Amino acid sequence: MPAPTPLPWFQRVRRWGQTNLSERDPVDYDDAFWRSHWRHTRVQGIIVNAAGIVAYYPSRFERQYRARYLGGRDLFGEITAAAREEGLAVLARMDSNRADESFLRAHPDWFCVDAGGSPYQSQGRFFTCVNGPYYREFLPQILVEIVQRYHPEGFTDNSWSGLGRGAICHCDHCARRFREEEAAALPREENWDDSVYRKWIRWSYRMRLEVWDLNNRVTRDAGGEHCLWLGMLSGDPIGQSRSFRDLRSLARRSQIIMCDHQSRDCDNGFEQNALNGKLLHGLMGWDRQIPESMAMYVRGAQAFRVASNPAAESRLWMAEGFAGGISPWLHHITARHEDRRQYATAEPLMRWHEANEDWLYDREPVAAVGLVWSQENIDFHGRDRPDERVGQPWRGMVHALNRAHIPWRPVHADDLDASSAGLSALVLPDLAVMTDGQIDAVRGFVEDGGGLVATGRSSRLDGEGLPREDFGLAEVLGVRIEAGESGADEETPANWEQYQNHTYIRRTGSEGGPLWEGFSDADLLPFGGLPERVRPAPGTRVEATWVPPFPIYPPEFCWTDTPATEIPAVLTRETPGGGRVACLPADLARTHGRYRMPDHARLLANLVRWAVRGDLPMEIKVEGRLNAQLYRKGSCLVLHLVNLTGCPPWPEPVETAVPVGPVEVRLRGSGFGGASKVELRVAGASLAPVKREDGIGFTIPKIDLHEMVVVASG
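Residues numbered from 1 in each chain as written. Predicted model: local features only at pLDDT ≥ 70, side-chain atom pairs only at ≥ 80, totals over all residues. Heavy atoms only, no water.

**Regarding the overall build of the protein**
Stated precisely, the cut-off is as follows: Comment: elements are numbered from the N terminus, with helices defined as DSSP H or I runs of at least four residues and strands as E runs of at least two. Burial classes: relative accessible area under 20% of the type maximum marks a residue as buried, over 50% as exposed, and values in between as partly exposed (1.4 Å probe, protein chains only). The contact criterion used throughout is that any non-hydrogen atoms of two residues lie within 4.5 Å. What sets the accessible areas is the Shrake-Rupley method with a 1.4 Å probe; for residues, cover comes only from the shown protein chains. In this count, Lys and Arg are taken as positive residues and Asp and Glu as negative ones, while His and the chain termini are left out. A charged residue contributes its charge at one atom only: NZ of Lys, CZ of Arg, CG of Asp or CD of Glu.
When helices and strands are counted, the protein shows 20 helices and 33 strands. Summarising its shape, the C-alpha atoms of the protein cover approximately 80 × 65 × 60 Å along the three principal directions. When burial is assessed residue by residue, the protein has 60% of its 714 residues classed as buried. In the protein, once contacts between residues fewer than 6 apart in sequence are set aside, the share between residues at least 24 apart is 76%. With the model as given, the accessible surface of the protein reaches about 28,400 Å², and the carbon-plus-sulfur share is 47%. The average position of the 82 basic charges and that of the 96 acidic charges among the side chains of the protein differ by 3 Å.

This is the structure we're talking about:
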């Protein structure tokens, strides 16, 4: 009987390590130490600096800048050979978007220039153009050279996409191609109202896809079908848009995504890492892997690249990644450290990952709600302010759903027909830009009985970001556009003398009921902005109205002679097909993303629960803060619980986990009631589930950093 064909590396390697070399490392690199560290952290593959901005091997190409202290060594080759002896896969790391002045003098036409012909530069290095011979001819030769000499499994490149969209390259190559393909001269400045500028945005995305495809053809031709060029991506579509990286198109080209999103930041908490995995898996499938670079060094308001991150901070980021289906990829800067505490950070979680990897892969999320997004909404609605216009409502809704433990998953607007199966409701967080096809998909979902929660300007703009005469979903939402000042999304300066966002919403709906659960003693709730002006259609109920701004200071003037209006802020309707629709012209998702008011989160969650008719597969009760992700693997359920109780706000790092418990869990749905075994894979304990009419329940006594619960029958 023939031996089974071994899995390709991108399916079997599940733990990665990287020592990001500095120019000094040819002197300092300690082979024995790093071999030992690979073994202790259970890595199965490594990423090694090879070429690009700095070369760590003796290239035959004279223009390849070599590390200052490389001398006659072939450090890349030595590390690759050591990894092979240890049984590890190797990815060659590139950093390819800049070169030094000697290169510029030799090939000035290979570099990006502004409208006046001056080259773009940063820190003494010059940006090379994705449409010039550097990207299209020189770098492919480097890739072939590395494949032929060292036979790596593939390549990564964190700066592969060249000049970002904050600047326009006017080199001859760009000017000629744009004129040939778009029948226009390159735009000279950012102007979103200019159709040529919008064409340049779409054209720039296509140029990056060409680079991706070219590099993969080159590496596969040289090294075989599994020698992949992988670039690097992240799960933040707004950040990727600044580099013209179309996540949906790139994910569909990829067998594996190398994700460069190393820590939380000022806008996103630890939950972002679970979202990274869910968003990218939603694009490429849950049968593929997403290793993510996880910083072992300090990445706070001020980065300290050779200092050790507090262990709890890095471990929480890792645990959230595991919960989102991400594979660990340890990241150290330089090969020699005087702060050696970082070497001990990852080992406990890496060993836990190895012991539990059967439950961490090849599973599907259990979700009731789809949170809809698109790259076009970021570009053509977000324009020059994507974070305020798109990021804030997205983050606000994510936070509200996570806080309420409502199982959800990201859905790309172009995949609604294929990806909405099994969902009870869709949420559009200010999804202003929608094509006719996307609108039809949402309309069909609601006509089939699905729920919908839409905030802000959702469906107000066409696919180019131009205003429609009315909402594209007007009939579904049960509203029409009405003239008047509306929808301002600017933040108010931190100055009590300016009070334009000191606004409220007033309840007008019936007492009690699911929409207003938790607000029995509140008729007036904070809002913080202007609503879109709409007119309700017959049959649409106005649940809350807008209260216009009034002074904050001095307190004697903090009152209003307009305590109520007829301007709708929250509306609901039920469709003939049984669907429930909530329309929020007062975009509470945005204001929650901005202010993190608990009232906003509670009302958003209430609206979603109402839209799904309370039919949610999971309920969690705990005195503390947990982020939960639920999956189905075969006949089993896998529940991740990450403990975020007591986490200080960024940039203060977490230094210790605050235990939380007891945690009451209830799982509902067909098939859940047959579960007879509950295993706690972190605590190493078993629980007996309590059978209920609609599922099961169990109580976890305590959670420290995280827990993974496996619910099985038999």
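Continuing now.
**Here we look at the domain arrangement of the protein**
Interface size, as often reported, equals the accessible area lost upon joining of the parts. Rules: An automatic or database domain assignment is the source of the domain bounds shown. Buried area counts how much accessible surface, traced with a 1.4 Å probe, disappears from two parts once they are put together, with both parts' losses summed. Basic side-chain nitrogens of Lys or Arg form a salt bridge, by our definition, when they fall within 4 Å of a carboxyl oxygen of Asp or Glu.
For the protein, the assigned domains are domain 1 (10–361), domain 2 (369–491 + 531–545 + 566–612) and domain 3 (618–712). Here the C-alpha centroids of domain 1 and domain 3 sit 35 Å apart. Contacts between the two partners involve 30 residues from domain 1, matched on the other side by 27 residues from domain 3. Taken over both partners, the interface formed by domain 1 and domain 3 buries close to 2,400 Å², and the fraction arising from carbon and sulfur atoms is 65%. Viewed at the interface, domain 3 and domain 1 are joined by one salt bridge. As a salt-bridge pair, R625 and E271 come within 2.3 Å of each other at their nearest N and O atoms.

**Brief notes about helix α17 (residues 436–447)**
Owing to its 3.6 residues per turn, the α-helix aligns residues three or four sequence positions apart on the same side. Defined as follows: Multiply 1.5 Å by the residue count of a helix minus one, and that product is the helix's expected span. In this description, one arc is meant: the one made by directions from the helix axis to the C-beta atoms.
Over its twelve residues, α17 runs 16 Å from end to end, which matches the ideal 16 Å to within 8%, given 1.5 Å per residue. Buried within α17 are the following residues: Q438, I439, A441, V442, F445 and V446. Taken end-on, α17 shows its buried residues confined to a sector of 160°, consistent with a single buried face. Exposed side of α17, more than 90 degrees from the buried face: D436 and E447 are the residues found there. Where α17 is buried, its residues contact α16 (416–419), β16 (425–429), β17 (451–455), α18 (474–477) and β24 (580–584).

**Brief notes about the packing of helix α19 (residues 588–595) against helix α20 (residues 598–611)**
Our working definition: An axis is simply a line fitted to the C-alpha atoms; with a helix, the fit covers only the stretch in contact. Between two such axes, the angle follows the N-to-C directions and lies from 0 to 180 degrees. Helix crossings get a hand from a simple test, with the near helix turned counterclockwise from the far one by less than a right angle marking a left-handed crossing and a clockwise turn marking a right-handed one. Polar here means any residue outside two lists: the nonpolar Ala, Val, Leu, Ile, Met, Phe, Trp, Tyr, Cys and Pro, and the charged Asp, Glu, Lys and Arg; Gly therefore counts as polar.
Where α19 meets α20, the closest approach of the two axes is 9 Å, and the angle between their N-to-C directions is 145°. Crossing geometry of α19 relative to α20 is assigned as left-handed. Between α19 and α20, the contacting residues are L588, A589, T591 and H592 on the first element and H600, A601, L603 and L604 on the second. Here the residues of the contact of α19 with α20 sort into five nonpolar, three polar and no charged.

**Re the environment of A106**
Turning to its location among the elements, A106 is positioned in helix α5 (residues 101–106). Through-space distance from the C-alpha of A106 to that of S243 is 27 Å; in sequence the pair is 137 residues apart.

**Structural notes on the pattern of salt bridges**
Throughout the structure, instances matching the rule amount to 51 salt bridges. With a shortest N-O distance of 3.7 Å, D704 and K702 are connected by a salt bridge.

**With respect to the side chain of R198**
As for its position among the elements, R198 is in helix α8 (residues 195–223). Of the residues examined, R198 reaches a relative accessible area of 8% and is grouped as buried. Beyond its immediate stretch of four places on either side in the chain, R198 contacts W192, D193, F380, E464 and L466.

**Remarks on the packing of helix α3 (residues 31–41) against helix α4 (residues 75–85)**
Condition: The labels follow the angle: roughly parallel below 35 degrees, roughly antiparallel above 145, roughly perpendicular from 65 to 115, and oblique for the rest.
As a packed pair, α3 and α4 sit with axes 11 Å apart at the nearest point and diverge in direction by 40°. Here α3 lies oblique to α4, going by the angle between them. The hand of the α3/α4 crossing is right-handed. Across from D31, R35 and W38 in α3, the residues of α4 making contact are I79, A82, A83 and E85. The residue inventory of the contact of α3 with α4, partitioned by class, reads four nonpolar, no polar and three charged.

**Quick look at the layout of surface pockets**
We apply this condition: Method remark: on a 1 Å grid restricted to protein atoms, a set of points is classed as a cavity if a 1.4 Å probe fits but cannot get out and as a pocket if it is open with protein on both sides within 12 Å along at least five of seven lines; lining residues have an atom within 4 Å of a point. Grid points are joined across faces, edges and corners, and a volume is the space filled by probe spheres set on the points.
By volume, the largest pocket is sized at about 1,300 Å³. Taken together, 44 residues make up the lining of the largest pocket; nearest its centre are R93, D95, N158, S159 and R305. Counting only elements with at least two residues in the lining of the largest pocket, the list comes to β1 (16–20), β2 (45–52), β3 (89–95), β10 (297–299), β11 (303–308) and β12 (327–333). Here the element with the most residues in the lining of the largest pocket is β2; it accounts for three residues. Here the residues of the lining of the largest pocket sort into twelve nonpolar, 21 polar and eleven charged.

**A few points about α20**
Here α20 spans 20 Å end to end across 14 residues, near enough to the 20 Å set by a 1.5 Å rise per residue. Here α20 has its buried residues at H600, A601, L603, L604, A605, N606, L607, V608, W610 and A611.

**Re the sheet that holds strand β19 (residues 504–507)**
Heads up, the condition is: Pairing between strands is defined by DSSP: at least two bridges between the two strands are required.
Strand order in the open sheet made by the nine strands is β15-β14-β16-β17-β24-β23-β22-β19-β20, with mixed pairing throughout. Each edge of the sheet is formed by a strand with only one pairing partner; in this case those strands are β15 (408–412) and β20 (524–526). Pairs of neighbouring strands in the sheet enclose a mean axial angle of 20°, with direction left out of account. Pairing of strand β23 (residues 568–574) with β24, which is carried by four bridges, proceeds in the antiparallel orientation. Within β24, the position partnered with R573 by the bridge is V581.

**Some details on the packing of aromatic side chains**
Any two aromatic rings considered together are summarised by their centre-to-centre distance and by the angle between their planes. Note the following rule: Stacked, tilted and edge-to-face pairs are distinguished by plane angle, under 30 degrees for stacked and over 60 for edge-to-face with tilted covering the rest, among Phe, Tyr and Trp rings (Trp via its six-membered ring) whose centres lie within 6.5 Å.
Tallying each qualifying case throughout the model produces 31 aromatic pairs. Seen from their ring centres, W9 and W16 are 6.0 Å apart, and the 85° between their planes marks the pair as edge-to-face. The exposure class of W16 is buried, given its relative accessible area of 0%. Taken together, a centroid distance of 5.6 Å and an interplanar angle of 10° make the contact between Y504 and F550 stacked. Highlighted residues: Y504 in strand β19 and F550 in the loop between β22 (541–547) and β23, separated in sequence by 46 residues. Of the residues examined, Y504 reaches a relative accessible area of 19% and is grouped as buried.

**A word on the environment of D430**
We count it as follows: Polar contact is the term for a pair of N or O atoms within 3.5 Å; when the atoms are in protein, one must be able to donate a hydrogen and the other to accept it, and sequence-neighboring residues count only if both atoms are side-chain atoms.
Within the fold, D430 resides in the loop between β16 and α17. Residue D430 is classed as buried on the basis of its relative accessible area, which comes to 0%. Along the sequence, D430 and E376 sit 54 residues apart, while their C-alpha atoms lie 13 Å from each other. Leaving out residues up to four positions away in the same chain, D430 has contacts with N377, H381, R389, P393, T455, G456, R457, S458, D587 and R590. Within the structure, D430 has its side chain in polar contact with the backbone nitrogen of R457 (distance 2.8 Å).

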